[in-house]
Amino acid sequence: RAMPTCYSKSRTPRRARKLVAEYGKLFARIWSDGQFTQLDAREQQVYALLISFSTRNLAGVLPLTLKRWANATADASIENVTRALEGLSAKTFVVIDWDTEELLVRTFIRNDEVYRQPNLMKAALKFALQVESQALRWALHDELLRLPDHKDAAKTTETASALIEGLSRTPA
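Residues numbered from 1 in each chain as written. Predicted model: local features only at pLDDT ≥ 70, side-chain atom pairs only at ≥ 80, totals over all residues. Heavy atoms only, no water.

A word on the overall build of the protein. Summing up its helical and strand segments, the protein has eight helices and five strands in all. Taken from N to C terminus, the helices and strands of the protein fall in the order β-β-α-α-β-α-α-β-β-α-α-α-α. For the protein, the proportion of its 172 residues judged to be buried stands at 45%. By sequence separation, contacts in the protein at least 24 residues apart represent 59% of the contacts at least 6 residues apart. For the protein, the accessible area works out to roughly 9900 Å², and carbon and sulfur atoms hold 50% of it. (Helix = DSSP H or I, 4+ residues; strand = E, 2+ residues; numbered from the N terminus. Buried < 20%, exposed > 50% of the residue type's maximum accessible area, 1.4 Å probe, protein only. Contact = heavy atoms within 4.5 Å. Areas by Shrake-Rupley, 256 points an atom, 1.4 Å probe, with all protein chains shown as cover.)

So this is what it looks like as structure tokens:
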């Protein structure tokens, strides 16, 4: 069975394999998005890095790896990557949980059109359920409910509910 070209199997042993990102979609329309064009250059660069970084899963979640991200650019440092992340978070492009060391590219499933591909959406929902952070789980819940109608809408709604089961909106 052919795999979508944007994902490949990692080079780990067969039973430990998972899909890893080879690229992320950055549509031309983003350059006319007023919120995106209000970001500074480093924030835009870090956003592009996040959507295309190999550890980003189909739910749009990445482990926080500041040093690796800083090393991706000659003039970046952990400090300026952190500042860019804080800016992206303040402007709701990402949700960050510094305690669980998880980051969500908030609109990834929608903007990358994962929901249009049933097999990828099924995998994204499984990844979403693996998120530890309450803040990320709430954000994923809200984003899943914002998706346009699609083939697996009922399963998406069910997963959105499961993400927040037993959680309060403001974590203790």
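That covers the picture; the talk isn't over yet.
Let's shift gears to unusual backbone geometry. Most peptide bonds adopt trans geometry, and most residues besides glycine take a negative phi value. A positive phi angle, close to 60°, is found at E101, a residue other than glycine. The residue E101 is located in the loop between β4 (94–97) and β5 (102–105) in this model. Although it is not a glycine, E113 adopts a positive phi angle of roughly 60°. With respect to the helices, strands and loops of the structure, E113 is situated in the loop between α5 (108–111) and α6 (118–129).

On to the pairing of β4, then. Burial along β4 is two-sided: V94 and I96 facing one way and V95 and D97 facing the other are all buried. Linkage of β4 to β5, two consecutive antiparallel strands, is achieved through a turn of four residues, within which E101 is found at a positive phi near 60°. (Pairing = 2+ DSSP bridges.)

The geometry of helix α7 (residues 134–146) relative to helix α8 (residues 153–164) is characterised by a closest axis approach of 9 Å and an angle of 160° between their N-to-C directions. In terms of axis orientation, α7 runs roughly antiparallel to α8. In this structure, α7 meets α8 at a crossing whose hand is left-handed. Along its contact with α7, which presents R137, W138, L140, H141, L144 and L145, the element α8 presents T156, T157, T159, A160, S161, A162, L163 and I164. (Axes fitted to C-alpha atoms, helices over the stretch in contact; angles between N-to-C directions. Parallel < 35°, antiparallel > 145°, perpendicular 65-115°, else oblique. Left-handed = near helix turned anticlockwise from the far one by under 90°.)

This paragraph deals with the environment of S52. Of note, S52 is situated in helix α2 (residues 41–52). Among the residues examined, S52 registers a relative accessible area of 33% and is labelled partly exposed. Note: C-alpha distance between S52 and L26 (26 residues apart in sequence) is 8.8 Å. Sequence-distant contacts of S52, that is, excluding residues within four places in its chain, are made with Y23 and G24. Within polar-contact distance, the side chain of S52 engages the backbone oxygen of A48 at 2.8 Å. (Polar contact = N/O pair within 3.5 Å; in protein donor to acceptor, adjacent residues only side chain to side chain.)

Before going further, it helps to examine the packing of α2 against helix α4 (residues 78–90). It is at 9 Å that the axes of α2 and α4 come closest, and there the two elements cross at 85°. Judged by the inter-axis angle, α2 sits roughly perpendicular to α4. Seen from α2, the contacting residues are R42, E43, V46, Y47 and L50; seen from α4, they are N80, A84, L85, G87 and L88. For the contact of α2 with α4, a count of residues per class yields six nonpolar, two polar and two charged. (Nonpolar A, V, L, I, M, F, W, Y, C, P; charged D, E, K, R; others polar.)

Counting through the fold element by element, H150 comes out in the loop between α7 and α8. Owing to a relative accessible area of 12%, H150 belongs among the buried residues under this scheme. Engagement of the side chain of H150 in a polar contact is seen with the backbone oxygen of P148, the distance being 2.9 Å. Excluding residues that lie within four positions of it along the chain, H150 makes contacts with Y115, M121 and T156.

Of the two faces of β5, the one lined by E102 and L104 and the one lined by L103 and V105 are each fully buried. For strand β3 (residues 61–63) and β5, the ladder comprises three bridges, and the chain directions are antiparallel. Looking across to β5, one finds that L62 is bridged to L103. Here four bridges tie β4 to β5, and the two strands are oriented antiparallel to one another. The partner of I96 across the bridge, within β5, is L103.

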